[in-house]
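Summary of the model geometry
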Amino acid sequence: MTRQEILYHFRQNPDMTVLIIGAGINGIGVFRELALHGVDTLIVDRGDFCSGASAASSHMAHGGIRYLENGEFRLVREALVERNRLLRNAPHAVKPLPTTVPIFHWLSGIFNAPLKFLRLRDKPSERGALVIKIGLILYDLFASPYRTMPTHRFADRKQSLEQRPAINPDILFTAQYYDAFMPYPERICVELVLDSEAISSQARALSYVSLHAASGDTVTLRDELTGETFAVKPQIVVNAAGPWIDFTNLAMLHPTDFIGGTKGSHLVLDHPELYAMLNDNEIFFENRDGRILLICPYLGKVLVGTTDIRIDDPDLARCTEEEVDYILGSIKLVFPNMPIDRSHIVFAFTGVRPLPSSSASRTGAISRDHSIRIVAANEVIRFPIYSLVGGKWTTFRAFAEQTADKLFEQLGITRTIGTEDMPIGGGRNYPHTEAEQRQFLNDVHTKTGVPLPRLQTLFDRYGTGAETIAVFIAAGEDAPLQHQPDYSRREIAYLVEHEKVIHLDDIILRRTALAMLGYVTGGLLHELAEIAAPALGWSAEQTQTEIRRTISILETHHRIPAETLQLAAV
Ligand SMILES: Cc1cc2nc3c(=O)[nH]c(=O)nc-3n(C[C@H](O)[C@H](O)[C@H](O)COP(=O)(O)OP(=O)(O)OC[C@H]3O[C@@H](n4cnc5c(N)ncnc54)[C@H](O)[C@@H]3O)c2cc1C
């Protein structure tokens, strides 16, 4: 169904079983569970799919080794199992990530860690070799179900300096273990939405539609493209608005205090020397204040983050100058002589973790676990609201499953199918070995005539979805983008026509990594807008409005300097 058809449908038939507010990874996970069971469901997001906290993560599918010292064993065990499942179910979008921890002390933290487990200490302290060793043994143990990657190992100072000559020479050891990396988390979200709509005609998804108000048995939604409102009558509402949960509950006349969000910013650096020094490893290290940061290879660039700062209104979250100083300064601890400054930044992003409200004196001590908070129906609002509080990207499937089981109980539905082993999008029928991949690419080449190197690029981006895209590409005249030849005109046209694109920024920020890789220029924006305009029915004036809107987002939220985008400011 198209957006217009879905809107028309609900204007004619306002009754539905479940309304999900918020299409971040957690709302979308629940959407898939309900689609699999044929439940009449609408998911809405006031912005694009995956444009909130889910677009601002460190891009890691991980167990969260750090959470062990907070005693969050349940979460770490669950997250490691889910990480391993993601590697299997979305191998095109979740990749093994060797992770190196620089260690500067032998014994520090040895007394603090048990005190933290017992909640007798709430202060960060430097983690020494022994504490890290114990943590990694536990991590390996918890990761054993569905293990797909090697266990940890230590390298001494000499070996560590051989591997990375620029590393801080004060180092005693480096430890290496494995986690996983998601280069395109936003794509996983959109693939899950498309999978769900393909599974069930009762599952409908609308971006740029927001919760406006609620009263009695009615929820009023607003189409953000036109400003028009329309009413729906759900039996149950799932509030999956992440850091905005309390705001949306308030709009539904149920004031809550579930969320105590913390802001986290990341920078993407174009720094070939730093990139080379990573040796394809993420460096996971402790800053002087005890916070854990990461320096991670990102498709030829370097991702660095993050901060952890309390914030009341997620709409005000921006990456500040102080955060830039903090993040850039932290790299010096690992690579003291590497020249790094603001000129290396090509992109920045900030998001708010939807953590449970907490009185912990330190943000790092706030639980990263998830919970479902249920507000029962009453005389003012005649449907229950299930709020999804917390939740890591990594654990979305488990959280969605737990939520769906509660919804099924309320709706009298028996679970008939699980998602543990369910492939996602381009992870379906994924060729795992090199020989299988060669065969896949040769078959698609024979079918479409698209050259093999180009197919390899498509496969790296879209997994087995590359086949559908290649068929689309082959059906018309294609050419590399003039301003970014790594992408082609028909590839972009495919994303626009088949992946629920509404605005120009959806293309550069969430259907592709063009913005995150620092590739956006005025020329590129014009070129993309010109490709999208016919499919989305934009007039010349609307096309200019789209370009201006995108420039404004890039300048305000992503620190892309105006000069870079100037050509587009027509
Ligand atoms: C800095 C940072 C780093 C992180 N790193 C990692 C990591 O490496 N690995 C990991 O596993 N997890 C990580 N996380 C955690 C993870 O990203 C989040 O917990 C998770 O994405 C939350 O998803 P969500 O769907 O609950 O919320 P969101 O993704 O925020 O989704 C909520 C949605 O609700 C929408 N919404 C709000 N108000 C309304 C309304 N009125 N009407 C309609 N829609 C509305 C918003 O637009 C938004 O899209 C990180 C988080 C942050 C912020």
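The coordinates are above.
Computed from a predicted structure; not experimentally measured.

1. Quick word on the overall build of the protein chain
When you go through the protein chain residue by residue, the secondary structure sums to 19 helices and 18 strands. Rg of the C-alpha trace for the protein chain: 24 Å, near the compact-globule value of 25 Å for 570 residues, within the 12% margin. For the protein chain, the spread of C-alpha atoms along the principal axes amounts to about 70 × 60 × 45 Å. Residues classed as buried in the protein chain amount to 60% of the 570 residues present. For the protein chain, restricting intrachain contacts to residue pairs at least 6 apart in sequence, the fraction spanning at least 24 positions comes to 71%. On the protein chain, roughly 22,500 Å² of surface is accessible, and the fraction owed to carbon and sulfur atoms is 54%.

2. Some words on the site of the ligand
The ligand sits among 37 residues. The nearest are Asp45, Ser54, Met60, Gly391 and Thr394. Here an oxygen atom of the ligand sits 3.2 Å away from a polar atom, N or O, in the main chain of Ile25. Secondary structure elements with two or more residues in the shell around the ligand: α2 (25–36), β8 (209–215), β11 (262–269) and β16 (345–353). Considering only residue class, the shell around the ligand consists of 14 nonpolar, 19 polar and 4 charged. When residues of the shell around the ligand are sorted by domain, at least three fall in each of domain 1 (3–53 + 186–260 + 368–411) and domain 2 (61–75 + 93–182 + 263–352).

3. A word on the packing of helix α12 (residues 434–448) against helix α14 (residues 466–474)
The geometry of α12 relative to α14 is characterised by a closest axis approach of 10 Å and an angle of 25° between their N-to-C directions. It follows that α12 is roughly parallel to α14 by the angle criterion. Here α12 runs over α14; the crossing is right-handed. Residues Phe440, Val444, Lys447 and Thr448 of α12 pack against Glu467, Ala470, Val471 and Ala474 of α14. Of the residues belonging to the contact of α12 with α14, the class tally is 5 nonpolar, 1 polar and 2 charged.

4. Structural notes on the pattern of salt bridges
Here the structure, examined in full by the defined rule, presents 37 salt bridges. Linking Arg511 and Asp48 is a salt bridge whose minimum nitrogen-to-oxygen distance equals 2.9 Å. One end of the pair, Arg511, is in helix α16 (residues 504–511); the other, Asp48, is in the loop between β2 (41–44) and β3 (60–61), and 463 residues separate them in sequence. Each member of the pair, Arg511 as well as Asp48, is classed as buried. The closest approach of N and O atoms between Arg549 and Asp505, which form a salt bridge, is 2.8 Å. Here the residue Arg549 occupies a position in helix α18 (residues 540–558), and Asp505 occupies one in helix α16, the gap between them amounting to 44 residues. Accessibility expressed as a relative area gives 2% for Asp505, which makes it buried.

5. Looking at the pairing of strand β1 (residues 15–21)
Among the 7 residues of β1, 6 are classified as buried, and the element is accordingly described as predominantly covered. The pairing of β1 with strand β10 (residues 229–239) spans 6 bridges and is parallel. The residue bridging Met16 from the neighbouring strand is Pro234, located in β10. For β1 and β2, the ladder comprises 4 bridges, and the chain directions are parallel. Bridge pairing in β2 links Val18 to Thr41. Handedness of the crossover is the feature at issue here: the chain leaves β1, passes through α2, returns alongside β2, and the resulting connection is right-handed.

What counts as what
Residues numbered from 1 in each chain as written. Predicted model: local features only at pLDDT ≥ 70, side-chain atom pairs only at ≥ 80, totals over all residues. Heavy atoms only, no water. Helix = DSSP H or I, 4+ residues; strand = E, 2+ residues; numbered from the N terminus. Rg over C-alpha atoms; globule rule 2.2 N^0.38 Å. Buried < 20%, exposed > 50% of the residue type's maximum accessible area, 1.4 Å probe, protein only. Contact = heavy atoms within 4.5 Å. Areas by Shrake-Rupley, 256 points an atom, 1.4 Å probe, with all protein chains shown as cover. Near = heavy atom within 4 Å. Polar contact = N/O pair within 3.5 Å; in protein donor to acceptor, adjacent residues only side chain to side chain. Nonpolar A, V, L, I, M, F, W, Y, C, P; charged D, E, K, R; others polar. Domains from an automatic or database assignment. Axes fitted to C-alpha atoms, helices over the stretch in contact; angles between N-to-C directions. Parallel < 35°, antiparallel > 145°, perpendicular 65-115°, else oblique. Left-handed = near helix turned anticlockwise from the far one by under 90°. Salt bridge = Lys/Arg side-chain N within 4 Å of Asp/Glu carboxyl O. Pairing = 2+ DSSP bridges. Right-handed = clockwise from strand over helix to strand, strands pointing away.

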